[in-house]
Amino acid sequence: MKDKLDSIQKRIEAAALRCGRDPRAITLVAVSKTRSADEIREAVRAGALLFGENYVKEAEDKIKGLQDLHVPFHLIGHLQSNKAKIAVRLFDLVHSVDSLSLATELHKQAKKIGKIQNILVQVNTGMEESKSGIDEKDLEPLIRDISVFDHLRVMGLMTIPPYDADPETVRPFFKALRLARDRIDTLRIPSVSMNELSMGMTGDFETAIEEGATLVRIGTAIFGERT
Ligand SMILES: *Cc1c(COP(=O)(O)O)cnc(C)c1O
């Protein structure tokens, strides 16, 4: 796993340098869904600093046994409002906020435990029926509504583009997320920052970096194929 992780870090660095970005501006989220707590321990020994999980219950079970590692976890999968209470206890960043009702519940639960919950707003750049995320046209009103919640902090945007094996086919969706970010950023909405762009996975993270990704979510290239 050390070799795989080192190779990914090198590819992240090379992609950043190719497009004139500082490699330190890009953070690797090691996606550990379906992986065991032992595999996560191995990844930490190999140098992984941050993990992404998709399912709250699965993450809760694993994280309980990994407290001694003190590694942060992000939620990258869809969040149901009835899991918000657990989510605010587990995750440093929730990448997948895509409705006011979910934000309202997250805010309520974060407030209860005196936490300021960092979040990203997920945008459905491919306008796919099957995907979570909001339409770009609804982004500004949602972010304005969320910005009044004093226990949530919007840090940027996330997208999962339509699947395609060719990263060039996916590039326009990454670009769309960056342009959406730039547009929201110019609005200077109080207490909203637009520094983070969560995009890019095993098959396309270099393209995502070229388009401005700050958080790349990589599972398969680190842990191998999921079964
Ligand atoms: C599973 C998953 C990833 C990682 O995908 P790989 O192709 O294994 O790198 C990234 N983001 C999300 C939202 C995922 O569900």
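All figures in this text were calculated on a predicted structure; none of them were measured in a lab.

A short note on the site of the ligand
Then, in step 1: The environment of the ligand is formed by Val31, Lys33, Asn54, Ile76, Ile160, Met201, Thr202, Arg217, Ile218, Gly219, Thr220 and Arg226.
Then, in step 2: Note that an oxygen atom of the ligand is positioned 2.7 Å from one of the side-chain N or O atoms of Asn54.
Then, in step 3: Protein coverage of the free-state accessible area of the ligand, which is 390 Å², stands at 89%.
Then, in step 4: Here the shell around the ligand is composed, by residue class, of five nonpolar, four polar and three charged.

Overview of the side chain of Ser147
Then, in step 1: The residue Ser147 is located in the loop between α6 (139-146) and β6 (152-159) in this model.
Then, in step 2: Assessed through its relative accessible area of 16%, Ser147 is described here as buried.
Then, in step 3: With residues near it in sequence (within four places) discarded, Ser147 still touches Ile189, Pro190, Ser191 and Val192.

Considering the nonpolar core
Then, in step 1: Counting residues in hydrophobic clusters, the biggest one holds 63 residues, and the most contacted among them are Phe91, Leu106, Ile146 and Leu157.
Then, in step 2: The next biggest cluster of nonpolar side chains, apart from the first, holds six residues, and it includes Val29, Leu50, Leu93 and Met158.

Looking at helix α5 (residues 100-112)
Then, in step 1: Given a rise of 1.5 Å per residue, 13 residues ought to cover 18 Å, and the 18 Å separating the end C-alpha atoms of α5 matches this to within 8%.
Then, in step 2: Buried residues of α5: Leu102, Ala103, Glu105, Leu106, His107, Gln109 and Ala110, and no others.
Then, in step 3: Looking at the buried side of α5, the elements it contacts are α4 (84-90), β4 (93-97), β5 (117-123), α6 and β6.
Then, in step 4: Positioned one or two residues after α5, Gly114 has a phi angle of 65°, which is positive.

Thoughts on unusual backbone geometry
Then, in step 1: The residue Thr34 is not glycine, and still its phi comes out positive at about 70°.
Then, in step 2: Turning to its location among the elements, Thr34 is positioned in the loop between β1 (27-31) and α2 (37-45).
Then, in step 3: A positive phi angle, close to 65°, is found at Ser191, a residue other than glycine.

Some remarks on helix α1 (residues 2-18)
Then, in step 1: Helix length check: α1, at 17 residues, gives a terminal C-alpha distance of 24 Å against a target of 24 Å (1.5 Å per residue), a fit within 8%.
Then, in step 2: Tucked inside the fold, the buried residues of α1 contact β1, α2, α8 (205-210), β8 (215-218) and α9 (220-223).
Then, in step 3: Looking one or two residues past α1, Gly20 carries a phi angle of roughly 75°, positive in sign.

Considering the pairing of β8
Then, in step 1: Residues of β8 alternate between two faces, with Leu215 and Arg217 on one and Val216 and Ile218 on the opposite face, all of them buried.
Then, in step 2: With four bridges connecting them, β1 and β8 associate as parallel partners. Along β8, the bridge assignment pairs Leu28 with Val216.

Considerations on the environment of Gly156
Then, in step 1: Summarising the element assignment, Gly156 is placed in strand β6.
Then, in step 2: According to the relative accessible area criterion, Gly156 is buried, its value standing at 0%.
Then, in step 3: Taking the C-alpha atoms as reference points, Gly156 and Met199, 43 residues apart in sequence, are found 11 Å from one another.

Focus on the pattern of salt bridges
Then, in step 1: Within the structure shown, the criterion is met by 22 salt bridges.
Then, in step 2: Of the charged contacts, one joins Arg24 and Asp22 as a salt bridge, the two residues approaching to 3.0 Å between their closest N and O atoms.
Then, in step 3: The class of Asp22 is partly exposed, set by a relative accessible area of 36%.
Then, in step 4: For Arg41, the salt bridge is made with Asp68, and the minimal N-O distance between the two is 2.9 Å. With Arg41 in helix α2 and Asp68 in the loop between α3 (56-64) and β3 (73-75), this residue pair connects regions lying 27 residues apart in the sequence.

What counts, and at which threshold
- Position numbers for residues start from 1 in each chain and track the written sequence from start to end.
- Selection of residues for local features in this predicted model requires a pLDDT of at least 70, selection of side-chain atom pairs for listing and counting requires 80 or more, and totals for whole chains, interfaces and linings are taken over all residues.
- Note that the side-chain values use all heavy atoms of the structure and ignore hydrogens as well as water.
- Nearness of a residue to a molecule or strand requires only that one of the residue's heavy atoms be within 4 Å of it.
- Throughout this description, a polar contact denotes any pair of N or O atoms lying within 3.5 Å of each other; where both atoms belong to protein, one of them has to be capable of donating a hydrogen while the other can accept it, and for residues adjacent in sequence the pair is counted only when both atoms sit in side chains.
- Per-residue accessibility takes into account occlusion by the displayed protein chains alone, with areas from the Shrake-Rupley method and a 1.4 Å probe.
- In this classification, Asp, Glu, Lys and Arg are treated as charged, Ala, Val, Leu, Ile, Met, Phe, Trp, Tyr, Cys and Pro as nonpolar, and every other residue, Gly included, as polar.
- Helix and strand definitions follow DSSP, with helices as H or I runs of at least four residues and strands as E runs of at least two, each counted in order from the N terminus.
- We call a residue buried when its accessible area falls under 20% of the maximum for its residue type, exposed when it is over 50%, and partly exposed in between, using a 1.4 Å probe and counting protein chains only.
- Note on definitions: a residue-residue contact is assigned when non-hydrogen atoms from the two residues lie within 4.5 Å.
- What makes a nonpolar core is a set of buried Ala, Val, Leu, Ile, Met, Phe, Trp, Tyr and Cys residues whose side-chain atoms join them at distances within 4.5 Å.
- Given a helix with a known number of residues, its expected span is that number minus one, times 1.5 Å.
- One requirement defines pairing of two strands: DSSP has to find at least two bridges between them.
- A pair is scored as a salt bridge if a Lys or Arg side-chain nitrogen falls within 4 Å of a carboxyl oxygen belonging to Asp or Glu.

That's the geometry; what it means functionally is another story.
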